[in-house]
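Spelled out, the chains give:
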Amino acid sequence: MGPSTILYTRMWTFLFLYILGINVCQADNSTQMLYAKLIIDKNAIENITRILKSFTDNNTVVEAPVMTTACTNGPGGKVCQCKPGHRWNDTFCQSNPKCCGDANCTLNSADAKCVLNTTVTITGSLKIAKANDYENCLKGIQTKEYISCRNNLTTQMKTVYSTLRGFDFLNITGFRLGSLYVDFIMSVASTVNSQTLINNSEAITRSLSASLDMETAGVVRLIMPNNMPIPYAATDQNITCIAEEDLGTTPQWSITNTNGEYDITNGTVSTVIILSPTESKIQLKEVTELWKGTYLCLYQQTKNCGNANLTCTINIEHKGSAVLDVALMPNIAVFTVPSFPRCKTEGDVLQVAAQCDINNSTEPYKVTWNGDGLKDYSTTSGDKTQIYTAQKIISCGVNNTNQATALCIFTNRLGQNKSASVPFNIIAAGEKFCPAEGDWGDTKLGFTSVLKCTNSAGLRTRKCNPSEKWEDEVSGCVNSDLYTVLQNAVISDIGLGSLDKNAETIFSNLNNVTQNSGRINTFANVNASVEVLTTMSNKLRTVDDATTTTNFLASSSNLLDESLENSWKTPNPQSNQTLAEKYLWTVEKLIAISNISNSSNPSNINIGTCSGKTCTNTVFDASVTVKSSGNGTVKTAGFKYLQDYLPNTTNASNINSIVVSTTTTEGGKENLQITIKFPLLTPRPRDVSLQCVSWNYNQSNWTAEGCVWGGASKPDECICNHLTSFAILMSRYPIEIPYMTEITYAGLSVSVVSLVISLLIELTVWSKVVKTNTLHLRHTAHVNISLCLLVADCCFLASSKPESISEIWCRISALLKHFCYLAMFFWMLSLSTTLLHQAVFLFHKVGKKTYLRFSLILGYVCPFLIVFITFLTNNAGAQGVYFSTKTCWLVYSGILKGTIYTFILPVGIIVFINLFAMVVVIMKLLDHKITEKSHEKEIQAAKTVLRSVILLTPIFGLPWIFGFATFSLDLTAGAVTLAVNYAFVLLNAFQGLLILLTTCLGDRMTREALRNSFRKKAPPTISESSTKLETTTKKS
């Protein structure tokens, strides 16, 4: 080829390029890159490059052609690769993430081309404040107004940006409302100086009265690990970010994977290292599926270019992105269908499917099976899983029912493999098994059947025990949203996002999930929720964000909802530590590291904070006062219902308060004295002791070590010398007074015998001692009092062990004792009132029948009415209202509260009347002068009755004075209370004996009559006969 031909070729090349550039307006110092794309045969490259040489004409430089892309024909089209110094353009890379850098790609887009590595692509958006000046740009794209407006803006922008060295093109891609947004794309063939870009951008924003957001691709680039995809679990992988110049800011790393977009920070897996102002890198200790995705390295520059008359900001983001491809490995779950194939006879032939399930994955696994007799391989896809199946034919012969296995092997693109064994558990002919029940198929003895959860994560299991009985189902089904929260908590510190931000998101999501208790009302869900809290407490060192704290406390409170009680009480089959103990330890730890204000109080957790050497917090009406030598911050938390879920290792006590936890900072742990005043959940009976306890995490139980109870004077107070969680235990059983039971049994037995003897004596001497109406009344009252006391004592003996009798018998016993004890006192009242009547009305004679009628009404009708009305008005004798099943006696609920006062008040009134009557009668007897001998017998009878009243009043009244004192005094108070109880038991138990000794044997007339009765029945002795004869002779 001669010189003229070469000149001719160059001329036409110049003309071609010139034509492409007409109608383009630039500034005087602008540049414009124009391209001619040549597709030629490889064999012609040498000739073309020899002919087309670089030349310059005036200010136009025509460079020699450069080969940018090499292509070969492939099965799906042309497979191309960028030559060194070139890369796929950003538009093509963004639409095809695998086609970035110089990777081999199949061309399927007209946008695909290789550009210089130094090429910078800029996309941006101008926000023009004076939108009215450019309103034509919002009209139809075919209108002249739109075209004119668009060209006007394009000219103004090109006039500024074409001065950039290597300026290639600028196109406006669209307009948007909201003021007026102008979207554009620009390309610069050579490296862009960031300061020049800012200066030019400032010029355009000022001229258009606009703000500018801009992104660049090409100023920052990423260097990825070689030989992608990289192996699964590869260690020590580096990704480097390089900026072409010092951009004056620190880069921000992020990744977009299948789970979302995350900032990359320093964590347990990733480490971000700043090597220089223009270079930084990420070190990945181990690469898993979480680190597969598109990485972004971002430098952000911002400038405020406004003034008093103009609001103007420029925000430029320099981005470098690339894809990290990882050859993945699956998590395999294995099943057989049916789970336990059963041979009904030895001649049966079974077809069983071995099944390996994995989560849906983009990894093109090669799946192979190993095992004898496997066939008919198949693959199916579900919403979230891929299921691989192989069929096996099993003969039920004697030698073929042993456990056989199949092996599924998953191999990724790099040849890494993971396998899982699928056992075939055959139920042999005649072998025992648990028959199918509901969802559960036939299951071999000693094995556990497994089912996948429906619409939730996890598995359901149920064991067939050796006795051919199904055990209860154990559900591991976890709400899908909650399971996601748990998975995010596990990876919260690996470097995908900052731990603090992740914690805020995790606790917010946990709060949302747990707000509806109906979604988490199973042990598995509550356990998963507590596991989230535990996981975060182990990862976090401090919690300073108020939102995070609020959500954490709200989530913890949601878990204590009363409707979740059964979910808490289910035993944890995988841990010796109870769920409640784990929850308490976790929440205590999170509270200790959190920045908590006194306003952070959800419904089931109450928090109080204070500081100083002495400070007091109040939570759910429980006050905690902490005294220490330091000035640390004290945090107190009260937990509703948690006391019901923590294990109680003693059968002798119940927890009778909320659980209160107290923590303090390091400065407040010296010389501690903690005073806690608990509101008791159940009022403490006065015969029951309390114990202040704290939770011992080492022994997993309540311990009284380091805590002292305030005693009877301060029953709700505890004083402790250490920090932890506190509560009050109340004994299930009343305090046992030594020998009290023995004294009661002995005394009542003696009383019963004494009363029977007393009644027999009355029967024997009745005709001999009942000489007057007054004596008749006295002995009638004595017989009825003895009968009532006998019945009452027998009921007392019968109900001495209330826990061993039924409620109905306990009610009957309380009813009879109430009536009989009242009847005793009313018969005493009849004695005293009759005696008072005779003394006041000068021994006016009243008929025997009148006395008897009056006494019967007073002695039985009055107590019957009191008992009947009390019974009806207290829920028909309801337990806990009328009587107590602990004592089979009336209820004492406090001062003037309880049915006991329907006994105490009448008895008190009767004793008072008796005392009054005694005083009046004694005074009358002393003052009244008897002249008539006919009244002598009545006076003697009255004295006898008076003596009975005087004796019976203290015998019956004094024990019940001590009895009332036992209701008022606290058994934990000390020796005085014990003495009062002993006095009550002794006097009350031996009442029958005292009646026999005083009103029966202590009466002279009764003794003489009894002696005479025995003398008549016994044969006379010689001396007695002589005496009788002598007496007769003298009378003669």
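Residues numbered from 1 in each chain as written. Predicted model: local features only at pLDDT ≥ 70, side-chain atom pairs only at ≥ 80, totals over all residues. Heavy atoms only, no water.

Here we look at the packing of helix H12 (residues 740–769) against helix H18 (residues 975–989)
In helix packing, the relevant descriptors are the interaxial angle and the interaxial distance, both defined with respect to the helix axes.
Working step 1: Two numbers describe how H12 lies on H18: the axes approach to 8 Å, and their chain directions differ by 20 degrees. The angle between H12 and H18 falls in the class roughly parallel. In this structure, H12 meets H18 at a crossing whose hand is right-handed. Across from Met740, Ile743, Thr744, Gly747, Leu748 and Ser751 in H12, the residues of H18 making contact are Asn981, Tyr982, Val985, Leu986 and Ala989.
Working step 2: Of the residues in the contact of H12 with H18, the class split is 7 nonpolar, 4 polar and no charged. (Axes fitted to C-alpha atoms, helices over the stretch in contact; angles between N-to-C directions. Helix = DSSP H or I, 4+ residues; strand = E, 2+ residues; numbered from the N terminus. Parallel < 35°, antiparallel > 145°, perpendicular 65-115°, else oblique. Left-handed = near helix turned anticlockwise from the far one by under 90°. Contact = heavy atoms within 4.5 Å. Nonpolar A, V, L, I, M, F, W, Y, C, P; charged D, E, K, R; others polar.)

Observations concerning a nonpolar patch on the surface
Working step 1: Taken together, the side chains of Ile857, Val861, Phe864, Leu865, Phe868, Ile869 and Leu872 present a nonpolar region at the surface, about 640 Å² in accessible area.
Working step 2: With respect to the secondary-structure elements, Phe868 resides in helix H15 (residues 848–873).
Working step 3: Under the relative-accessibility criterion, Phe868 is labelled partly exposed at 40%. (Patch = residues over 30% accessible without salt bridge, like charges linked within 9 Å, V, L, I, M, F, W, Y side chains within 5 Å. Areas by Shrake-Rupley, 256 points an atom, 1.4 Å probe, with all protein chains shown as cover. Salt bridge = Lys/Arg side-chain N within 4 Å of Asp/Glu carboxyl O. Buried < 20%, exposed > 50% of the residue type's maximum accessible area, 1.4 Å probe, protein only.)

Digging into the environment of Ile185
Working step 1: Position of Ile185 among the secondary structure elements: in strand S10 (residues 180–188).
Working step 2: In the structure, Ile185 is positioned 29 residues away from Met214 in sequence and 9.5 Å away in space, judged by C-alpha atoms.
Working step 3: Beyond its immediate chain neighbours, meaning those up to four positions away, Ile185 contacts Thr121, Ile122, Thr123, Phe169, Leu170, Asn171 and Thr173.

Some thoughts on helix H5 (residues 194–208)
Working step 1: Between its first and last C-alpha atoms H5 spans 21 Å; for 15 residues at 1.5 Å apiece the expected length is 21 Å, and the two agree.
Working step 2: Looking only at H5, the buried set comprises Ser194, Leu197, Ile198, Asn200, Ser201, Glu202, Ile204, Thr205 and Leu208.
Working step 3: Turning to H5, the residues buried within the fold contact strand S8 (120–128), helix H4 (144–161), strand S11 (210–217), strand S18 (293–304) and strand S19 (313–324).
Working step 4: Between the side-chain oxygen of the N-cap and the backbone nitrogen of Gln195 there are 3.0 Å, and the N-cap of H5 in question is Asn193.
Working step 5: Downstream of H5 by a residue or two, Ser209 has a phi angle that is positive, lying close to 50 degrees. (Expected span 1.5 Å × (residues − 1). Polar contact = N/O pair within 3.5 Å; in protein donor to acceptor, adjacent residues only side chain to side chain.)

Details of the nonpolar core
Nonpolar side chains in soluble globular proteins tend to end up buried together.
Working step 1: By size, the foremost hydrophobic cluster in this structure holds 83 residues, and its most contacted members are Leu153, Tyr161, Trp291, Tyr295, Leu324 and Trp369.
Working step 2: Looking at which element gives the most residues to this core, the answer is H4, with 6 residues.
Working step 3: With residues near it in sequence (within four places) discarded, Trp291 still touches Ile255, Ile264, Val269, Ser270, Leu284, Glu286, Leu324, Ile494, Gly495 and Leu496.
Working step 4: Val532, Leu533, Phe552 and Tyr645 belong to the second largest nonpolar core, which has 50 residues in total. (Core = buried A, V, L, I, M, F, W, Y, C linked by side-chain atoms within 4.5 Å.)

Some details on the sheet that holds strand S21 (residues 349–359)
Strand pairing in a sheet relies on backbone hydrogen bonds. The paired strands run either parallel or antiparallel.
Working step 1: Ordered by their spatial adjacency, 4 strands build an open sheet running S20-S21-S24-S23, and the pairing between neighbours is antiparallel. The open sheet has two edge strands with one neighbour each: strand S20 (333–337) and strand S23 (374–381). Each strand of the sheet is rotated relative to its neighbour by a mean of 20 degrees, with strand direction disregarded.
Working step 2: Note: S21 against strand S24 (residues 385–395), 11 bridges, orientation antiparallel. Bridge pairing in S24 links Val352 to Lys392. (Pairing = 2+ DSSP bridges.)

Observations regarding unusual backbone geometry
Working step 1: For the peptide bond that leads from Met228 to Pro229, omega is 5 degrees, which places it in the cis range.
Working step 2: Here Pro229 shows up in the loop between strand S12 (220–223) and strand S13 (235–243).
Working step 3: Here the amide bond leading from Val337 into Pro338 is cis, since omega sits at -5 degrees, within 30 degrees of zero.
Working step 4: Along the chain, Pro338 turns up in the loop between S20 and S21.
Working step 5: Phi at Asn227 takes a positive value of approximately 55 degrees, unusual for a residue other than glycine.
Working step 6: Tracing the chain through its elements places Asn227 in the loop between S12 and S13.
Working step 7: Positive phi is not limited to glycine here, since Ala233 has a value of about 70 degrees.

Quick word on the packing of aromatic side chains
Working step 1: A complete count under the given rule lists 19 aromatic pairs for this structure.
Working step 2: Relative to Phe410, the ring of Tyr388 has its centre 5.1 Å away and its plane inclined at 90 degrees; by these criteria the two rings are edge-to-face. Placement of Tyr388 in strand S24 and of Phe410 in strand S25 (residues 404–411) is noted, with a sequence separation of 22 residues between them. Taken individually, Tyr388 and Phe410 each receive the classification buried, so the pair is uniform in this respect.
Working step 3: Here Phe871 and Tyr882 contribute two aromatic rings whose centre-to-centre distance is 5.5 Å and whose plane-to-plane angle is 75 degrees, an arrangement assigned as edge-to-face. Placement of Phe871 in helix H15 and of Tyr882 in the loop between H15 and strand S44 (883–884) is noted, with a sequence separation of 11 residues between them.
Working step 4: Three or more aromatic residues joined by ring pairs form one cluster here, namely Trp568, Tyr583, Phe639 and Tyr645.
Working step 5: Here the guanidinium or amino end of Lys452 rests over the ring plane of Phe335, the centre of that ring lying 5.2 Å away.
Working step 6: The cationic tip of Lys817 hangs over the ring face of Phe796; the distance from NZ or CZ to the ring centre is 4.8 Å. (Phe/Tyr/Trp six-rings, centres within 6.5 Å; stacked < 30°, edge-to-face > 60°. Lys NZ or Arg CZ within 6 Å of the ring centre and 35° of its normal.)

From the geometry alone we can't say anything about function, so treat these as descriptive.
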